[in-house]
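# Structural description and commentary
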Amino acid sequence: MPGHGDMPGHGDMPGHGDMPGHGGMQGHGDMHGQGGMPPGPKGHITDGEASNMYGMHRRIHVTAVYDFENKEHNKFRVDLGHMNDDFHAQYPYTTGLEPLRLVYNKDKEEWYHNTQNDISAEYTGRTAAHDYQIRTYYTTLKKESYLVNRRPLLPKFGPMDFERMLGMMHPKVDVDAADYHTWVVEGKNTRYIGNAHNVTYGGEYKNVFYEGTRLGGSQAGAQKVKKAHAVSSYAGFIEDLWQVNEKLLVVPSLRYEHNSRFGSVVTPKIGLTYEATPHIRFKANYGKGYKAPTISELYMNMNRAMGESVVSIIGNPALQPEHANCYDVSVEGEDGKLFMKATYFTNRVHNLIESKMVARYQDQATHENIMRIQYDNIGEARINGTEFMIGAHLTPAWTVKAQYNYLDAEDVGDGSRLSGRPETATTVQVRYDDRRADGIAAVLSGRFIGNYGQAVGRGSIKNYSYHIWDIMMQKKWRSGVTLTFGIDNLADMKNDNLAIGGRAWRLAGQWKL
């Protein structure tokens, strides 16, 4: 079932909640990112290694289906899910420079505990002319973390209170907590009209509640205030799969959405697919996009020690929704064992929501180094790009694929490049799958990132280029047991500025009853 954060913007129904080319509906826009913070001030000595966050991830999923065995093929399905995470991270011993050599971090550790519960109920049916679905789901996610730094209390020399000066940058204790609740009711019906039209229409109601310390504005430490906000929306849509003739498919659609904070909007979209030959297709799409600010983007008020600085991430209640005009054209096809696709896209986004570093300074009262990041709207942004993909099914079990993406994203107002995106991203993948019920599968993949633009100050961007290889292997048994083993970042590449922490090992087991 959908979980918090990764749920479809509007359920599983067609719509325009995530704009094509911006946010990932069609894979355009943000091709790759690591989400790291800009580097902090230098002037310390580190002794030892930091660990990646590691631990146990547990998930249980139970499904029950009742088949009415009637003429409309009605079924009632209930899904129950539970997820539980216990992770741990360790940080190296860190001191200042001579002459004081103050101890900043000693035996520093952090623990994370996440719990998610899901429940979903679905009723479906179909006739010769209709295919319908009604579904509701409720998800709760609780996230907690606790950090302890066993450094000694810093001394006080006359008017110089080092504990006050540096304690906020390197707190002895820090906590973080968040509680999310998401409730969705949705329904859709597909009407088959002759041989040319499949018309789907439906609607959705969604309510999101978020309470946590990251909304409270407290300083880093053991005592933090929680605050809460909620937002709701409802939407309706209609879409037609119109088979004009044997070669041409046209898909027009229209969506209406009302947000409790930002009012109503209507977004149209149209897509065309022309089958030039049985193995070559041309596609074109146009759509208006819309994205309302999230609760975090509006009301985040977090102060937390991260790396070498205190990081403040501030929401912006004055944010406006994003609106976009999105176009893309592509050609795709197959030739024997080969398959390929080429795409060009262009998006003009009004009020693009971006996080920006708005200040970096030393607080005069506490003498702490402060990095302040705030969400803001960019009046007009242009995001253009191309994608080229080619692959081959070498045998029924072996497949190779490569994809190259180029992205050109700028603030139209001042012509500056948008940060948090690479200019180029190339992926290479080799996959093996014997497709047996008790078989073996494996994937080797590499990502080559060129000129990832990291914001390092107001109007300043630093480029990073790097590559990462991952491997995953999976073994299945007929008893329903699956064992998965993986290594992310095989070469142990590290970059603190991009939050790339090095090699990570994964081991997972699944048992289907």
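In this text, all values refer to a predicted model and were calculated from it rather than measured experimentally.

### Thoughts on the overall build of the chain
In terms of regular secondary structure, the chain is built from two helices and 29 strands. Every one of the 513 residues in the chain was classed for burial, and the buried ones make up 40%. Carbon and sulfur atoms form 56% of the exposed surface of the chain, whose accessible area is close to 26600 Å².

### What about the pattern of salt bridges?
Per the stated rule, a full pass over the model turns up 21 salt bridges. Salt-bridge contacts for R255 lead to E257; the nearest nitrogen and oxygen are separated by 3.7 Å. E257 shares its class with R255; the two are buried. Across the pair K283 and E332 runs a salt bridge, and its minimum N-O distance is 3.3 Å.

### A look at the pairing of strand β15 (residues 263-277)
The pairing of strand β14 (residues 248-259) with β15 spans twelve bridges and is antiparallel. Following the sheet pairing, P252 is matched in β15 by I270. With antiparallel pairing between neighbouring strands as the criterion, β14 and β15 make up a hairpin whose turn holds three residues.

### Topic: the environment of R150
Its place among the elements puts R150 in the loop between β8 (130-148) and β9 (156-157). As a C-alpha pair, R150 and D107 span 43 residues in sequence and 5.6 Å in three-dimensional space. For R150, the residues in contact, after removing those within four places along its chain, are K106, D107, E109, W111 and K172. Among the polar contacts made by the side chain of R150, one reaches the main-chain carbonyl oxygen of D107 at a distance of 2.6 Å.

### Describing the packing of aromatic side chains
Remark: the centre distance and the inter-plane angle together describe each pair of aromatic rings, the angle taken between the planes. A complete count under the given rule lists nine aromatic pairs for this structure. Aromatic pair W398 and Y432: ring centres 4.9 Å apart, planes at 50°, arrangement tilted. With W398 in strand β22 (residues 398-411) and Y432 in strand β23 (residues 424-433), the pair connects residues that are 34 residues apart, well separated along the chain. Aromatic ring contacts, followed pair by pair, group Y66, F68 and Y123 into a single cluster. The ring of Y91 has K108 lying over it, and the distance from NZ or CZ to the ring centre is 5.2 Å. In this structure, K475 packs its charged tip against the face of W477, placed 5.5 Å from the ring centre.

### What about a nonpolar patch on the surface?
The grouping of I60, V62, L80, I119, Y138, W183 and V185 at the surface amounts to a nonpolar patch, some 610 Å² of accessible area in total. When residues of the nonpolar patch are traced back to their parent elements, those giving at least two are β3 (54-67) and β11 (173-193). Its location among the elements puts V185 in strand β11. A relative accessible area of 30% means that V185 is categorised as partly exposed.

### Digging into the side chain of T139
Mapped onto the elements of the fold, T139 is located in strand β8. The class for T139 is buried, based on a relative accessible area of 2%. Engagement of the side chain of T139 in a polar contact is seen with the side chain of D118, the distance being 3.1 Å.

### Observations regarding the pairing of strand β12 (residues 197-212)
Where β11 meets β12, 16 bridges bridge the pair, whose relative direction is antiparallel. Along β12, the bridge assignment pairs T190 with T200. Turn length for the β11-β12 hairpin, with the two strands adjacent in sequence and antiparallel, is three residues, and the turn residue G194 shows positive phi of about 60°. Summarising the sheet, β12 and strand β13 (residues 227-243) pair through 16 bridges and their orientation is antiparallel.

### Here we look at unusual backbone geometry
Backbone geometry places R435, a non-glycine residue, at a positive phi of 55°. Assignment of secondary structure puts R435 in the loop between β23 and β24 (440-457). Residue R435 is classed as exposed on the basis of its relative accessible area of 62%. Positive phi, close to 60°, is recorded for D492, a residue that is not glycine. Mapped onto the elements of the fold, D492 is located in the loop between β26 (481-488) and β27 (494-495). Residue D492 is classed as partly exposed on the basis of its relative accessible area, which comes to 29%.

### Some points on the confidence of the model for the chain
The share of residues in the chain with pLDDT of 70 or more is 85%, and the mean pLDDT across the chain is 86. Segment residues 1-42: pLDDT under 50, and 150 contacts once partners within four positions in sequence are set aside and those in other chains are kept. In this model residues 363-368 is a low-confidence stretch, pLDDT under 50, and it forms 14 contacts with partners more than four residues away in sequence or in other chains.

Conventions and cut-offs
Residues numbered from 1 in each chain as written. Predicted model: local features only at pLDDT ≥ 70, side-chain atom pairs only at ≥ 80, totals over all residues. Heavy atoms only, no water. Helix = DSSP H or I, 4+ residues; strand = E, 2+ residues; numbered from the N terminus. Buried < 20%, exposed > 50% of the residue type's maximum accessible area, 1.4 Å probe, protein only. Areas by Shrake-Rupley, 256 points an atom, 1.4 Å probe, with all protein chains shown as cover. Salt bridge = Lys/Arg side-chain N within 4 Å of Asp/Glu carboxyl O. Pairing = 2+ DSSP bridges. Contact = heavy atoms within 4.5 Å. Polar contact = N/O pair within 3.5 Å; in protein donor to acceptor, adjacent residues only side chain to side chain. Phe/Tyr/Trp six-rings, centres within 6.5 Å; stacked < 30°, edge-to-face > 60°. Lys NZ or Arg CZ within 6 Å of the ring centre and 35° of its normal. Patch = residues over 30% accessible without salt bridge, like charges linked within 9 Å, V, L, I, M, F, W, Y side chains within 5 Å. pLDDT = per-residue confidence, 0-100.

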